[in-house]
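Results of the structural survey
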Amino acid sequence: MKRFRQAVWDEPLLKELSKPGRVGSTFPVDKRVRARIRDPLSLVPSSVRRESVNLPELSELQVLRHFNRLSQMNFSVELGMYPLGSCTMKYNPKVSEVVASSDGMKNAHPLQPTETVQGLLSVFYDLERSLSEITGMNRFSLSTAAGAQGELAGVLMIRKYLRDHRSARDEILVPDSAHGTNPASAAMAGFKVVKVPSDEDGQVKARTVGELCSDRTAGMMFTVPNTLGLFEGEVSEICEAVHQAGGLMYYDGANMNALLGRARPGDMGFDVVHLNLHKTFATPHGGGGPGAGPVGASKRLAEYLPVPVVSKGKDGYYLDNSLEHSIGPLKGFVGNSGVLLRAYVYIRLLGASGLADVSSLAVLAANYLWKSLDPEAFPASHGKELRRKHEAVVSVKSELPGAAMSVAKAVLDYGMHAPTVYFPLIVHEALMIEPTESEPVEMLDEYASALNEIYARMKDRTLGEAPRNASVGKVDEVKASHPLTLKTHW
Amino acid sequence: MRDAPRRHPLLPNLDEALVAKMLEKVGAGSVDELFSDIPQKVRLGRKLKIPEGAAEHEVRREVQSKLAQNMTPPNSLCFLGGGVWPHYVPAAVESITSRQEFYTAYTPYQAEVSQGMLQSLFEYQSLMCDLLGMEVCNSSLYDWASAAGEAVRMAGRVTGRRKALLAGNSGTQRRSVIGTYTEPMGMSLETVAYDKARGTLDMGDLRRKLSPDVACLYIENPNFFGGIEDAIEDVVGAAHESGALAVVGVDPISLSLLKEPGGYGSDIVVGEGQPLGIAMNFGGPHLGIFAVRDLKLARSMPGRLIGMTTAASDPSRRAFAMVLQAREQHIRREAAMSNVCTNQSLMALAAASYLSLLGKEGFRSLGEAVISNSHYAARRLGQVTGVVSPHFKGAYFKEFVVSYRKKKAETVYRQMAKKGVLAGYPVPREFGLGAEAGSYCVTEVHTPEDIERLASALEGAL
């Protein structure tokens, strides 16, 4: 086992570091302004005037040291393998960061006249066209800020479309393997969630869907490949069944990294699609965001997209708020523009052939890693005979409860991030492993042997407490949320 | 000539020999075989119709030259506001947020190796609680508008009531987003008028519209026009009297000089964190602020929350973890408080570093510089013939409305842009001010020379 030690800094809180009389950044008033505006505080009505603001007092270097030390206690993609299933933690090209820090991006104001931001709008227009082609959709709105917001937009579109066609259908089908955001989004949009069971091969069957459909069915949210990493073989038949029952089909694009240039949701029969640009299109995950979750629609639903969309007219590109049946805006302004730009750069770096290679190699990596695992220790939960797509889900074999968590914590000591654990919910002691196309094959080997070794140590009871090499030992999460000890600020 | 072997900087296993080796382990004859479970009828069977990829240096040049066509500072002056404001982003903030340890990580699911982000987000929550005077602040939502949407939904959930009052001087786009978010709950929205002379909320109209079925009042302070709601305490008090929650939207920079919203009884505070060290970025990524009065309300709030705890085996070792996750979608699914998953953590990190960098004194100096510059500019524009500046009589912070005697605001706004001055965004017609009112935003970044250039551009456009 290679040695790894994460940095340990007993780094106090900013407030504990503070000492009166220090400052890291100041904004003196210009002399000429001061001559005219002598008492700025008098401009604030006394009823709402603030006496002072309790913020820490630190020098610039102190602030930098504080956050730099914290950064050393944070595992990241550029430090090591991060195969968090369903999150597609691929490498984020540096050139995207450079381009996104151009003045023409950073300093653009969303309310400036469109004729003064044609460069950026042309990028968004091209991005929109590319995403439409990649998914087989008619049109995309780039405005939604994350996957979950894209989902909400999608189900709201379904709702509005049905209302406009005088239908009060109120049920959305969601497979039991789906991400939690699916049922949560459907519920936010006012739908009742009907759970669709997967079969023993982890597949949703058209027949099951047909039986659950009724005149209350508004549609179905479907993730393909699913969260088990398996392609849904009956996807077209399922789309047909739901359409026949009068419902619409929503494609959750969280796992689109498996299908670029191979298959398109539009050709499968989906009406609405969202993509996670921070997954498939390599924009950084930011420690938990920002992402971007553009939503696309077939011709039938295109007029229902959230506004604004980017359009091209005789005077150039513009932000179009005129879609006749739009569900309205879900976010201020245009969308997470800085993220959209990075995704565009990524598409330009790879192009048509490169994107197809991305999926080929992501799928190859997932299958390779899966086959490198000890099948006794990590049996596949479903569909043993099926090929994986972008990820593999295994069930840790053990009589002891918490086996998956033990493996996850132990692998951190190897200087590698854990897979997603205990998801999908239908898998006992689940590990969900998504290596992505970014990992060189040697890393896949290293990861597999780490997991195999951990299992062997677990079996002969020599694993012990983990992690030992992280910045901190196992964190007390029960205490963290306990009403008596809960502390959410200092 | 033989074909060059296939190589790509982003694809370490593209080489044929590596692929062959991997396929052998997988037990497949070809990569295509791995996709054989995709039914023939849904396979694309052709190349995507998008251009082929280009090398890094080519893409960089191509995209940067497109961006260079934009008219943006430092090659122009920006006096636009409306929810995104030109403020200075200290270099130290950019340095912190561009650390790959933070930006290439994801949600801190494995707390032990993610203490850096967890503590940073905890610091963000702590700093925001102080700034806002609130008990609990989550670790971010997407932006102000979507946070406002979530807040009004939450008010409906908590009170069981299905009507919301929206201040008529709050941002129209935020009101639209609230509409999109609350429509499925069957929430009805009613607008409260504002005082046409002062620009502040009309108390009489508010009292008339408050009733036992009102879940909340949504009000912004400063309001869309930039005006300070000097009677906000009475406004909040009136809402509380009828059992409604007070949801207040803020520009956090204004809290350098304005009373903290918790200090006047706000139940939920939302706002736009962009001015706290985040570039304007053509509307995003920004930072949705979401805070609540107390822990009881926190149990119904959307979004991630970080808590302080200890190591399990060593109670003297401080540690951080995500808390109260039972509210969230990955645990509670359709019964979750919100569907939010990926939020804006990196932006919260920016805000935490910004606030700690400025600190008590720097933040105060910023507020004084902003309010001084805005008043200096408003008075200067008032000297331009054919202009009323500021249009409203009430107090204001960094934005103000200017009305033109003869010209349409749309024309003035476009004319000034031709001179490289981005200013005077036409006040949306929903506010009922007519077509001759433009909105201006002046901050610490603007010098007297900039303001002079603005005044002459305005003169030229009239």
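Residues numbered from 1 in each chain as written. Chains lettered and ligands numbered in written order. Predicted model: local features only at pLDDT ≥ 70, side-chain atom pairs only at ≥ 80, totals over all residues.

Observations concerning the overall build of chain B
Test applied: Think of it this way: any DSSP run of H or I at least four residues long counts as a helix, any run of E at least two long counts as a strand, and we number them from the N terminus. Every C-beta atom is placed from the backbone, and the number of other C-beta atoms within 10 Å of a residue's own sets its class: buried at 20 or more, exposed at 12 or fewer, partly exposed in between.
Within chain B, the regular secondary structure consists of 15 helices and 15 strands. In terms of its C-alpha atoms, chain B occupies a principal-axis envelope of roughly 80 × 55 × 50 Å. Scored against the burial criterion, the 462 residues of chain B give a buried share of 63%.

Observations concerning unusual backbone geometry
Residue G289 of chain A is joined to P290 of chain A through a cis peptide bond whose omega torsion reads 10°. Tracing the backbone shows P290 of chain A in the loop between strand 6 (272-275) and strand 7 (295-297). G284 of chain B connects to P285 of chain B through a cis peptide bond whose omega is 5°. Examined against the element boundaries, P285 of chain B turns out to sit in the loop between strand 7 (268-272) and strand 8 (288-292). The backbone phi angle of S86 of chain A is positive, close to 80°, even though this residue is not glycine. One can find S86 of chain A in the loop between helix 3 (60-72) and helix 4 (94-100). In this structure, T88 of chain A takes a positive phi of about 45° despite not being glycine. Here T88 of chain A is to be found in the loop between helix 3 and helix 4.

A look at the environment of M443 of chain A
Residues and elements named next belong to chain A. Relative to the helices and strands, M443 resides in helix 14 (residues 441-459). The class for M443 is partly exposed, based on 18 C-beta atoms found within 10 Å. Sequence-wise, M443 and L369 are 74 residues apart; in three dimensions their C-alpha atoms are separated by 9.6 Å.

A short note on the environment of D315 of chain A
Residue and element names in this part refer to chain A. Among the structural elements, D315 can be located in the loop between strand 8 (309-313) and strand 9 (316-320). Classification of D315 by C-beta neighbours within 10 Å gives exposed; the count is 9. Along the primary structure D315 and Y447 are separated by 132 residues, whereas in three dimensions their C-alpha atoms are 54 Å apart.

Side note on the domain arrangement of chain B
When the parts come together, some accessible area is lost, and that loss is often what is quoted as the size of the interface. Residues and elements named next belong to chain B. To be explicit about the condition: By convention here, the domain bounds are inherited from an automatic or database domain assignment. Distance between backbone-placed C-beta atoms decides contact: two residues are in contact if it is within 7 Å. Under the grouping applied here, Gly and all other residues not named as nonpolar or charged are polar, the nonpolar ones being Ala, Val, Leu, Ile, Met, Phe, Trp, Tyr, Cys and Pro and the charged ones Asp, Glu, Lys and Arg.
Each assigned domain of chain B is listed with its residue range as follows: domain 1 (1-65), domain 2 (77-89 + 362-461) and domain 3 (91-354). Taking the mean C-alpha position of each, domain 2 and domain 3 sit 27 Å from one another. Between domain 2 and domain 3, the residue contacts involve 25 residues of the former and 27 residues of the latter. Of all the elements in the fold, those that place two or more residues in the side of domain 2 that touches domain 3 are helix 13 (345-382) and strand 12 (399-404). No other element matches the six residues that helix 13 contributes to the side of domain 2 that touches domain 3. Broken down by class, the residue content of the side of domain 2 that touches domain 3 amounts to 15 nonpolar, five polar and five charged.

Some details on the pairing of strand 6 (residues 245-250) of chain B
Consecutive side chains of a regular strand alternate in pointing toward one face of the sheet and then the other. Residue and element names in this part refer to chain B. Test applied: Look down the strands so they point away from you; if going from the first strand over the helix to the second traces a clockwise path, that crossover is right-handed. Being paired, for any two strands, means DSSP has found at least two bridges between them.
Across the six residues that make up strand 6, a large majority, six, are buried. Burial along strand 6 is two-sided: L245, V247 and G249 and A246, V248 and V250, pointing in opposite directions, are all buried. Of the crossover connections in this fold, the one passing from strand 5 (residues 214-220) over helix 10 (residues 232-241) to the parallel strand 6 is right-handed. Pairing of strand 6 with strand 7, which is carried by four bridges, proceeds in the parallel orientation. Its bridge partner being in strand 7, V250 is matched across the sheet by G271.

Digging into the sheet that holds strand 11 (residues 420-421) of chain A
Residue and element names in this part refer to chain A. Strand order in this open sheet of three strands is 10-12-11, and the pairing throughout is antiparallel. With one partner strand each, in any of the chains shown, strand 10 (392-395) and strand 11 form the two edges of the open sheet. When strand 11 meets strand 12 (residues 430-433), the two strands line up antiparallel, connected through two bridges. The residue bridging T420 from the neighbouring strand is M432, located in strand 12.

Describing the interface of chain A and chain B
If you look at the interface, chain A gives 179 residues, while chain B gives 173 residues. Per element, the largest residue contribution to the side of chain A that touches chain B is 23 residues, and it comes from helix 12 (residues 337-372) of chain A. When grouped by side-chain class, the residues that make up the side of chain A that touches chain B number 91 nonpolar, 57 polar and 31 charged.

Things to note about helix 8 (residues 181-188) of chain A
Burial of helix 8 of chain A is extensive: eight of the eight residues sit out of reach of the surface. What helix 8 of chain A keeps buried is the set T181, N182, P183, A184, S185, A186, A187 and M188 of chain A. Elements in contact with the buried residues of helix 8 of chain A: helix 7 (147-164), strand 2 (171-175), strand 3 (192-196), strand 4 (217-223) and strand 5 (248-253) of chain A together with helix 12 (329-332) of chain B. G190 of chain A, located one to two residues past helix 8 of chain A, shows a positive phi value of around 90°.

Looking at the sheet that holds strand 2 (residues 136-137) of chain B
Residues and elements named next belong to chain B. An order of 2-8-7-6-5-3-4 is seen for the seven strands of this open sheet, with the pairing classed as mixed. Each edge of the open sheet is held by one strand with a lone partner, namely strand 2 and strand 4 (188-192). Note that strand 3 (residues 163-167) and strand 4 share five bridges and pair parallel. Paired with A167 across the bridge in strand 4 is V192.

A few points about the confidence of the model for chain B
Just so we agree on the cut-off: A residue's pLDDT is the confidence the predictor assigns to it, expressed on a 0 to 100 scale.
Residue-level pLDDT values for chain B average 97, and 100% of them are 70 or greater. Reported for the predicted complex are a pTM of 0.98 and an ipTM of 0.98.

A word on the nonpolar core
Selection rule: A set of buried Ala, Val, Leu, Ile, Met, Phe, Trp, Tyr and Cys residues, joined to one another through C-beta atoms within 7 Å, is what we call a nonpolar core.
Within the largest apolar cluster, 336 residues are counted, with the highest numbers of intra-cluster contacts made by C216 and V247 of chain B. For this core, the element with the highest residue contribution is helix 12 of chain A, accounting for 22 residues. When sequence neighbours within four positions are dropped, the list of residues in contact with V247 of chain B reads A151, V152, A155, C216, L217, Y218, D267, I268 and V270 of chain B.

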